[in-house]
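Summary of structural features
So the chains spell out like this:
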Amino acid sequence: MARDLREFLQLLEDRGQLRRIKTLVDPNLEISEISNRMLQSGGPALLFENVKGADYPVAINVMGTVERICWAMNMERPEELEALGKKLALLYQPRPPKKISQAIELGQALFDVIKAKPGRNFFPPCQQVVMKDDQVDLTKLPLLRVYPGDAERVITLGLMITKDPENRTVNVGVYRLQLQSKNTMTVQWLSIRGATRHLRKAAERGQKLEVAVALGVDPLLIMAAATPIPVDLSEWLFAGLYSGEGVKLAKCKTIDLEVPADAEFVLEGTITPGETAIDGPAGDHMGFYGGINEKAPLIRFHTVTHRKDPVYMTTFSGRPPKEDAMMALALNRIYTPILRQQVPEIVDFFLPMETLSYKAAVLAIDKAYPGHARRAAMAFWSALPQFNYTKFVIVVDKDINIRDPRQVVWSIASKVDPGRDVFILPDTPFDSLDFATEKAGLGGRMGIDATTKIPPETDRYWHEPLQSDPDTAAMVNRRWAEYGLADLKLDEVNPNLFGYDIR
């Protein structure tokens, strides 16, 4: 299993999923334009070896397909991610086992936690080269300017590590950083994130907040940082659970934080509470330019360390498909067992990429009583923190394939009376980056009950759905080759044949 970026890039190359670009390219708009075309077509990862104004190659689109994310997690198929989710569900909200088999499962999960404890590397590759104070020059990094309206170049795939000043709990998150000067950057984050709590506590204590940003890490670590976990659990521990072994960490040179020992680059700095700068506009995951933040926290970096001949890994946000959307699809599989533990009637759920990976959810439930769909939607919104910002929840019967939009749309069209089956919750806490809302940070939610109705939800007789005769269907299966049709691949459907225009 690949345990650092270099090993993973080699794995991708061995599997024909990495293309090396030797032509001179510009990090100002050109790299993102090339990469976006690859993302739109599900193309390979790219390694730009000749970048204008920089001495380092740029790796991008590394996690541009769900398949490659599965490889990073040492798996081959998305379905395997649910087994990992079952393990996490046992730890997310532990329950006393009622059977021997449950006790064994819990014991195995706890043993995995012990194996996942982080280790220490005293001669870390990430500190093979050390630059301090006046030597620090962030402009020499091949930072991307992604869209023509972006204010400046950005870092988008760095792990930001901070520590709670009070209880010393570490938080690892992925936030956008915007270049301000050769040694300063602003950070854009939501107020609910762990690092923002740390900054508030530092301000209350009159302290600076120490910050480390690790660039070019094992993609598995990025997945762990993106996974919503209980506040007091460590992302390093989760990364160890993902990989089956503890993450090797190294103590920073100048601050009291630990970083992945095999990171390509590490930036060390501090945030002085109250010291801010103007951040934005910048392209956002919503598919628009984000607004200007006139009081974005300012990070002053005083140390940069890196490996010999480092590789700079990056990505960018925007209208899907993008790498963050692929990560969300993989996380969707991991969340599923956790969500089932919280809301048992949910058989499966799906967050479509086209809905920005979290703005709309489709739930399949095993409907048992009137109003069950509405109850499931309400429970979904409160089950996990990341579902707070889901605008639309569509609930369908368990026999509907929620990953087939044709079946979902059919359920809505054939089973929904808007006057009865659509309900709206106005003025709920919301994503401030969502410009569709009338007020920033406050918006509505809509639930749609697309399940088969039962009394007293309706007084009308609900007819049986059309289905093939099972005996005839079995006979046709047996005789399919006799018809001369064995060469036709019925499971390879081109949606453009049915009136769509997907390119």
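Below, the structure is looked at part by part.

Here we look at the sheet that holds strand β18 (residues 360–365)
Within the open sheet, the five strands sit side by side as β17-β18-β19-β21-β20. Their pairing is mixed. Across the chains shown, the open sheet's two edge strands, defined by having one partner strand only, are β17 (346–350) and β20 (422–429). Shown here is a sheet whose adjacent strand axes are inclined to one another by a mean of 20°, direction ignored.

Digging into the pattern of salt bridges
Scanning the model with the defined rule gives 32 salt bridges in all. For Asp421, the salt bridge identified is with Arg420, shortest N-O distance 2.8 Å. For Arg420, a relative accessible area of 28% gives the class partly exposed. One network of salt bridges, in which partners are shared, links Arg77, Glu79, Glu82, Arg333 and Arg340.

Concerning the packing of aromatic side chains
A full pass over the atoms with the stated rule returns 11 aromatic pairs. Seen in terms of ring centroids, Phe349 and Phe380 are 5.9 Å apart; in terms of plane orientation they differ by 55°. Their pairing is tilted. One end of the pair, Phe349, is in strand β17; the other, Phe380, is in helix α10 (residues 372–383), and 31 residues separate them in sequence. Of the two residues examined, Phe349 and Phe380, each falls in the buried class. For the pair Phe380 and Phe387, a centre-to-centre distance of 4.2 Å together with 20° between the ring planes defines the contact as stacked. By relative accessible area, which is 0% here, Phe380 ends up buried. Phe387 gets classed as buried once you look at its relative accessible area, which sits at 1%.

Some thoughts on the nonpolar core
Ranked by size, the top nonpolar core spans 95 residues in total, and within it Met73, Leu159, Tyr242 and Phe380 carry the most contacts. Counting residues per element, this core draws most heavily on helix α9 (residues 323–342), which supplies 10 residues. Leave out the neighbours within four places in its chain, and Leu159 touches Val172, Gly173, Val174, Ala212, Val213, Ala214, Val217, Leu221, Ile222, Ala225, Trp236 and Pro260. Val25, Leu138, Leu199 and Phe316 belong to the second-largest nonpolar core, a separate cluster that totals 39 residues.

Points about a nonpolar patch on the surface
Residues Val493, Leu497, Phe498, Tyr500 and Ile502 make up a contiguous nonpolar surface patch of about 550 Å² in total accessible area. Tracing the chain through its elements places Ile502 in the segment after α13 (470–479).

Considerations on the environment of Ile365
Its place among the elements puts Ile365 in strand β18. For Ile365, a relative accessible area of 1% corresponds to the buried category. Separated by 22 residues in the primary sequence, Ile365 and Val343 have C-alpha atoms spaced 9.8 Å apart. Excluding its chain neighbours within four sequence positions, the residues that come into contact with Ile365 are Glu345, Ile346, Val347, His372, Ala373, Ala376, Val395, Val396, Asp397, Lys398 and Thr451.

Regarding the packing of helix α7 (residues 219–226) against helix α8 (residues 235–243)
Contact pair α7 / α8: the axes reach a minimum separation of 9 Å and the direction vectors enclose 125°. Considered as vectors, α7 and α8 are oriented oblique to each other. Handedness of the crossing formed by α7 with α8: right-handed. For the pair formed by α7 and α8, the contact residues are Leu220, Leu221, Met223, Ala224 and Ala225 on the first element and Glu235, Phe238, Ala239, Tyr242 and Ser243 on the second. Among the residues forming the contact of α7 with α8, the class breakdown is eight nonpolar, one polar and one charged.

Quick notes on the sheet that holds strand β3 (residues 58–60)
Strands sit in the order β1-β2-β3-β16 across an open sheet of four strands; the sheet is mixed. Because the sheet does not close on itself, it has two edges, and the strands there are β1 (18–21) and β16 (312–313). Note: strand β2 (residues 45–48) against β3, three bridges, orientation antiparallel. By the bridge assignment for β3, Leu46 is matched with Ile60.

Here we look at the state of the cysteines
Evaluated as defined, the whole model comprises zero disulfides. Distance from the sulfur of Cys126, which forms no disulfide, to the nearest cysteine sulfur (Cys252) is 7.6 Å.

Digging into the side chain of Asp284
By secondary structure assignment, the location of Asp284 is in the loop between β14 (265–279) and β15 (293–306). One buried charged side chain, Asp284, makes no salt bridge at all; its nearest oppositely charged neighbour is Arg176, positioned 5.8 Å away. A distance of 2.9 Å separates a polar atom in the side chain of Asp284 from a polar atom in the side chain of His285.

A short note on the pairing of β14
Regular strands place their side chains on alternate faces of the sheet. Bridging between strand β11 (residues 209–215) and β14 involves seven bridges; their strand directions are antiparallel. In the strand pairing of β14, Glu210 is matched with Thr270. Note: β14 against β15, 10 bridges, orientation antiparallel. Note that in β15 the partner of Phe265 across the bridge is His306.

The rules behind the values
- Throughout, a residue's number is its position along its own chain's written sequence, starting from 1.
- The predicted origin of the model limits local features to residues at a pLDDT of at least 70 and limits the giving and counting of side-chain atom pairs to 80 or more, whereas totals for whole chains, interfaces and linings rest on all residues.
- Where side-chain values are given, they derive from all heavy atoms of the structure, hydrogens and water being excluded.
- For two strands to pair, DSSP has to find at least two bridges joining them.
- Secondary structure elements follow DSSP: runs of H or I of four or more residues count as helices, runs of E of two or more count as strands, with numbering from the N terminus.
- All axes are obtained by fitting lines to C-alpha atoms, using only the stretch in contact for helices, and the reported angles, taken between N-to-C directions, cover 0 to 180 degrees.
- Just to be clear on terms, a salt bridge is a Lys or Arg side-chain nitrogen sitting within 4 Å of an Asp or Glu carboxyl oxygen.
- Only protein chains enter the accessibility calculation, which uses a 1.4 Å probe; a residue is then buried when its area is under 20% of its type maximum, exposed when over 50%, and partly exposed in between.
- Each Phe, Tyr or Trp ring (for Trp, its six-membered ring) is paired with any other whose centre lies within 6.5 Å, and the angle between the two planes then decides the class: stacked below 30 degrees, edge-to-face above 60, tilted in between.
- Only buried Ala, Val, Leu, Ile, Met, Phe, Trp, Tyr and Cys residues count toward a nonpolar core, and they belong to the same one when joined by side-chain atoms within 4.5 Å.
- Contacts are assigned to residue pairs that have any heavy atoms within 4.5 Å of one another.
- In this scheme, patches are assembled from residues that exceed 30% relative accessible area and form no salt bridge. Like charges are connected within 9 Å, while nonpolar side chains (Val, Leu, Ile, Met, Phe, Trp, Tyr) are connected within 5 Å.
- Using the Shrake-Rupley algorithm and a 1.4 Å probe, accessible areas are obtained, with residue cover drawn only from the displayed protein chains.
- Roughly parallel refers to an angle under 35 degrees, roughly antiparallel to one over 145, roughly perpendicular to one between 65 and 115, and oblique to any angle outside these ranges.
- Definitions for this section: a left-handed crossing has its near helix turned counterclockwise from the far helix by less than a right angle. A right-handed crossing has that turn clockwise.
- In the scheme used here, Gly and all other residues not listed as nonpolar or charged are polar, with Ala, Val, Leu, Ile, Met, Phe, Trp, Tyr, Cys and Pro taken as nonpolar and Asp, Glu, Lys and Arg as charged.
- Cysteine sulfur pairs qualify as disulfides if the two atoms are within 2.5 Å.
- For the purpose of counting charges, residues Lys and Arg are taken to be positive, whereas Asp and Glu are taken to be negative. His and the chain ends are not included.
- Polar contact is the term for a pair of N or O atoms within 3.5 Å; when the atoms are in protein, one must be able to donate a hydrogen and the other to accept it, and sequence-neighboring residues count only if both atoms are side-chain atoms.

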